[in-house]
Amino acid sequence: MTDTLVEALSLDAITKRFGELTANDAVSLSLNQGEAIALLGENGAGKTTLMNILFGQYTADSGTVRVFGEKLPPGNSRAALNAGVGMVHQHFTLADNLTVQENITLGTQSLLSYSSNSAGAKAHIIALSNKYQLAVSPNARVGTLTVGERQRVEILKALYRNVRILILDEPTAVLTPQETDDLFATLRHAISDGLAIIFISHKLHEVMTIADRVVVLRHGKIAGKVEIKNTSKEALAKMMMGTEASPPEVANSTPGAALLELRKTSTLDIGNKPGLRDVSLTLREGQIIGLAGVSGNGQAAIADLIGGSMYPVSGQILLSGTPIQGWTPHNAVKSGIARIPEDRHKTGTIADFNLTENAILEHYKSSNFSTCGWLNWRKSRTFASAIVKKYDVRCPGIDTPIRLLSGGNMQKLILGRVLEGQPRVILANQPVRGLDIGAVNYVHNQLLNARNRGAAILIISEDLDEIMALSDVIHVISSGRLSPAFDRGQMTPTQLGLWMAGSGFDGEVSNAS
Amino acid sequence: MVRFQMRLEPINNPNIARKSVPPAIALLTTILITSVLAMLAGANPFSVFGLILEGAFGSQFALLETLNRATPLIFTGLAVAVAFRAKFWNIGAEAQLYAGALITVLLGIGILQWPAAILLPFIIVASIIAGAILLLVPALLKTRFGVDEVVTTLLFNFIFLLFVSMLLEGPLKDPMGMGWPKSARLIPEARLPRLFEGLRLHWGFGLAIFSSIIVWVIQTKSTLGYEMRAVGLNKKAAAFAGISVNLVLIKTALISGGLAALAGFSEVAGLKGSLTLDLSPGFGYTGIIVAMLALLNPLGVVVAALFVAGIFVGADSMSRAAGVPTYLADIMLAVALLLMVLAIMLTRFRVIRD
């Protein structure tokens, strides 16, 4: 790092309104060369809007963006790219059927140029990947790579374009703790070479590790700017939320009878996502089981098996000890299995249906809501109103299309829909992903209440903190294989991380330590 | 270089103006564009539109003609609206229409010597089943093998029309028809009676109105309608919630095919009395326009069908009086449809220029 600080980026009084909502309210920040700042904030705090303005995806209502002193024309993505701004998105933007090299060089060559300097490009990529320890073969097809490798390709892609400012949007969400450490080593190297980094995250310990300074956004405004050395995780959390949040207290419980059991179930691979390999899992009364693992390692298959969307190619599903017959989502719901789906926008709700229509989505065939094929809208509306009231769903009314609700309120409606049936088994797949802390605590408390009245719960999450906070028993899933059961407090995050990376399955880590 | 970039931003709570202004502008622009064409054809645009209105609704005769023309369009419009609501793209209403017409002729030319009170309901049910079965094939191909129903239903139109043509040239050919490819006439018991004594309007129109009400009730009040809308809006969420998407698509296809077949029944039994190859001047395809203009609303289909029928009937008489080709009606409908589709999008999205 040089002694004279060069300002790489300066955002000056950026304001952006969407109708009545002010997404960014006079937000200013600056970033120097060779520095990493963390942009911290709950969902809906305005982080994404700010980055979209920087990239020219949105035009700010007022305020200016300067990159190395040059003012960027508003609403021009091309200018931002040319000025050396790069971004690694949370959802990768790679073409599966192309090689690593092709993905990296895509768009850097003119379509009209006759020859391509393929050998030169390859040498450059190899040089970069050696320099920053981003091990990945230029000839490998991206479709065959792991998530961690794909992220390396994304970073290489940015470095190849000589970015001077790199934005990373929740880069660790898909990584194991070990992969995260590797990523941080790479980033530190790049920072020492003068790269300026904006690190978007809500994981406080990572922010404390990688960033020099933290900028906290709350409700579109800057809630605080601090140097890492002058702050603590607790102080940051308070700044982010405005209040101190207390995570739910979890008392121990005594598990009861087995309600749902997967017995040596296997499923087929889907694309490059592995199917299950002889997975056995028992959900018991009054117990929360947490399923940890990096996304795409078979969690979806477990969720589909329990939720009735899939049938195993071998093995059995037992409901209270009896092998199930004719397994469909409808029968699963009828058997008292409540399902909180992973994607509340695409699978949990129908965007253009109103709250009432969404509330009865899983129950419309029951005698409460229909007789002989005719819906009882009066009862349906009463049901929806009851959920809105009891679960504090903030909405303009039950006749509003659900797409107008925030993620948290949408999730509360789904929660109400499944819990009102007094389910015996609850499958909660990423129940709090993308929710703000208030909604997270609410959802977690509802799940704990359900456990305390005797429900068997399976929580699938990529957030190890969430798993460790709530679960009575933890399983780790990796490449379709399920680890043994670990009791609460038995494992450290690092040990679980090793299992997540798949090493425990080959006997490198003993069950208990 | 002129840079022109634009984006669409969804509008969360469109107000009344947002919902009504774009369609109104679309309608005005349609009139404007057709006026220019009318002028190019050497006519006064004001008199052209006046003549169209008069020709469509200006007299009892004109009005009844319009209602008669609207009848098959209501049926095919409903067929398309029902299918499109579930995102089942039935482009084959034309074939299903001929299936209904064919069954009507097969059962109505004297094989069954039953009184009208029994024969007519029997033919209606048989027509519905014929249309339903014809659309069941593409529906099964789609749900079983993933074959695109746009292609299959579209191609079925040609196959079925040629099949009917073959029958009319062969076994179904009227022996008294002096060589024309035309079926024998229906027996009187198989003819739909007039709606009012002495007026040239048959019970097919009543059946069409009744059907649109039934379809509306099914869509808004029944679990099947709820399932159809859910499947149309989000297949994934519908399947997750326990709706059998394939079963719903098949039921949708059966209803849609049945409705389109009623158009054929009503044209043969109510109006023509026999089957010829020019029974339908593309009612099946025009049904798509009707359904789109009605925003797939079953009650709106009646209004849209009257609008479209009015333009056709009005243009016929306008053409005779003003010497402007009747093709003006086709252009008017095409422009109206395109602009209306655009207008509907503009009621939901705001255009942002970067």
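Residues numbered from 1 in each chain as written. Chains lettered and ligands numbered in written order. Predicted model: local features only at pLDDT ≥ 70, side-chain atom pairs only at ≥ 80, totals over all residues. Heavy atoms only, no water.

## Remarks on the packing of helix H11 (residues 283-293) of chain B against helix H12 (residues 298-322) of chain B
In helix packing, the relevant descriptors are the interaxial angle and the interaxial distance, both defined with respect to the helix axes. All names here are of chain B. Relative orientation of the contacting elements H11 and H12 amounts to 130°, with a least axis distance of 8 Å. Comparing the axis directions of H11 and H12 gives the class oblique. Judged by the sense of rotation from one axis to the other, the crossing of H11 with H12 is right-handed. Counting all contacts with H11, which are made through Thr 286, Val 290, Ala 291 and Leu 293, the residues of H12 involved are Val 301, Ala 304, Ala 305, Phe 307, Val 308 and Phe 312. Of the residues that constitute the contact of H11 with H12, the class distribution is 9 nonpolar, 1 polar and no charged. (Axes fitted to C-alpha atoms, helices over the stretch in contact; angles between N-to-C directions. Helix = DSSP H or I, 4+ residues; strand = E, 2+ residues; numbered from the N terminus. Parallel < 35°, antiparallel > 145°, perpendicular 65-115°, else oblique. Left-handed = near helix turned anticlockwise from the far one by under 90°. Contact = heavy atoms within 4.5 Å. Nonpolar A, V, L, I, M, F, W, Y, C, P; charged D, E, K, R; others polar.)

## Observations regarding the interface of chain A and chain B
How big an interface is tends to be stated in terms of the accessible area lost upon association of its parts. The interface of chain A with chain B comprises 29 residues on the first partner and 28 residues on the second. A combined buried area of about 2600 Å² lies between chain A and chain B, and 57% of that area is made up of carbon and sulfur atoms. Taken together, the connections running from chain A to chain B amount to 3 salt bridges. Here B:Arg348 makes a salt bridge to A:Asp352, at a shortest N to O gap of 3.6 Å. (Buried area = accessible area lost by both parts, 1.4 Å probe. Salt bridge = Lys/Arg side-chain N within 4 Å of Asp/Glu carboxyl O.)

## Let's talk about the nonpolar core
Side chains of nonpolar character tend, in soluble globular proteins, to be buried together. By size, the foremost hydrophobic cluster in this structure holds 145 residues, and its most contacted members are A:Ile426 and B:Leu275. At 13 residues, the largest contribution of residues to this core is made by helix H3 (residues 60-85) of chain B. Residues lining this core come from more than one domain, with at least three contributed by each of domain 2 (245-336 + 423-513) and domain 3 (350-422) of chain A. Beyond its immediate chain neighbours, meaning those up to four positions away, A:Ile426 contacts A:Ala338, A:Ile340, A:Leu419, A:Leu447, A:Ala450, A:Ala455, A:Ala456, A:Ile457 and A:Leu458. With 34 residues, the next largest nonpolar core counts A:Ala36, A:Val142, A:Leu187 and A:Ile210 among its residues. (Core = buried A, V, L, I, M, F, W, Y, C linked by side-chain atoms within 4.5 Å. Buried < 20%, exposed > 50% of the residue type's maximum accessible area, 1.4 Å probe, protein only. Domains from an automatic or database assignment.)

## Observations regarding the sheet that holds strand S6 (residues 85-88) of chain A
Residues and elements named next belong to chain A. If you trace the 6 strands from one edge of the open sheet to the other, you get S6-S7-S8-S3-S9-S10, paired in mixed fashion. Taken across any chain shown, the strands that pair with only one partner, and hence form the sheet edges, are S6 and strand S10 (221-227). Adjacent strand axes in the sheet meet at a mean angle of 20° when their direction is disregarded. Note that strand S3 (residues 36-40) and strand S8 (residues 196-201) share 5 bridges and pair parallel. (Pairing = 2+ DSSP bridges.)

## Re the packing of aromatic side chains
Applying the stated rule across the entire model yields 9 aromatic pairs over all chains. Here the guanidinium or amino end of A:Arg164 rests over the ring plane of A:Phe68, the centre of that ring lying 4.0 Å away. (Phe/Tyr/Trp six-rings, centres within 6.5 Å; stacked < 30°, edge-to-face > 60°. Lys NZ or Arg CZ within 6 Å of the ring centre and 35° of its normal.)

## What to know about helix H6 (residues 149-169) of chain B
Side chains that are three or four residues apart share a direction in an α-helix, a result of its 3.6 residues per turn. Residue and element names in this part refer to chain B. When the terminal C-alpha atoms of H6 are compared, their 30 Å separation across 21 residues agrees well with the 30 Å that a helix rising 1.5 Å per residue should span. Check the buried side of H6 and you find it contacts helix H4 (93-108), helix H5 (116-145) and H11. With a side-chain oxygen lying 2.9 Å from the backbone nitrogen of Val 150, the N-terminal cap of H6 falls on Asp 148. (Expected span 1.5 Å × (residues − 1). Polar contact = N/O pair within 3.5 Å; in protein donor to acceptor, adjacent residues only side chain to side chain.)

## What about the pairing of S6(A)?
All names here are of chain A. Here S6 shows two buried faces, one formed by Val 85 and Met 87 and the other by Gly 86 and Val 88. Bridge count for S6 against strand S7 (residues 165-169) is 4 bridges, and the pairing is parallel. For Gly 86, the partnering residue across the bridge sits in S7 and is Leu 166.

## Side note on the side chain of B:Thr66
Within the fold, B:Thr66 resides in helix H3. The residues contacting B:Thr66, other than those within four sequence positions of it, are B:Ala56, B:Phe57, B:Leu306, B:Ala309, B:Gly310 and B:Val313.

## Here's the deal with the pattern of salt bridges
Residue and element names in this part refer to chain A. In the structure shown here, the tally under the stated rule is 24 salt bridges over all chains. For the salt bridge of Glu 35 with Arg 213, the shortest nitrogen-to-oxygen distance reads 2.7 Å. Residue Glu 35 is found in the loop between strand S2 (21-32) and S3, and its partner Arg 213 is found in strand S9 (residues 213-218); the two are separated by 178 residues along the sequence. One salt bridge in this structure joins Arg 488 and Asp 472, with 2.8 Å as the shortest N-O distance. Placement of Arg 488 in the loop between strand S23 (486-487) and helix H17 (493-500) and of Asp 472 in the loop between helix H16 (464-470) and strand S21 (473-478) is noted, with a sequence separation of 16 residues between them. Among the residues examined, Asp 472 registers a relative accessible area of 10% and is labelled buried. Linked through salt bridges whose partners overlap, the residues forming this network are Arg 339, Glu 362 and Arg 417.

## Looking at the sheet that holds strand S15 (residues 322-323) of chain A
Residue and element names in this part refer to chain A. Read from one edge to the other, the open sheet built from 4 strands follows the order S12-S11-S14-S15, with strand pairing classed as antiparallel. Two strands bound the open sheet, and with one partner strand each, they are strand S12 (279-284) and S15. Packed on one face of the sheet, helix H9 (residues 299-307) meets strand S11 (258-266), S12 and strand S14 (314-319) and runs near 130° to S11.

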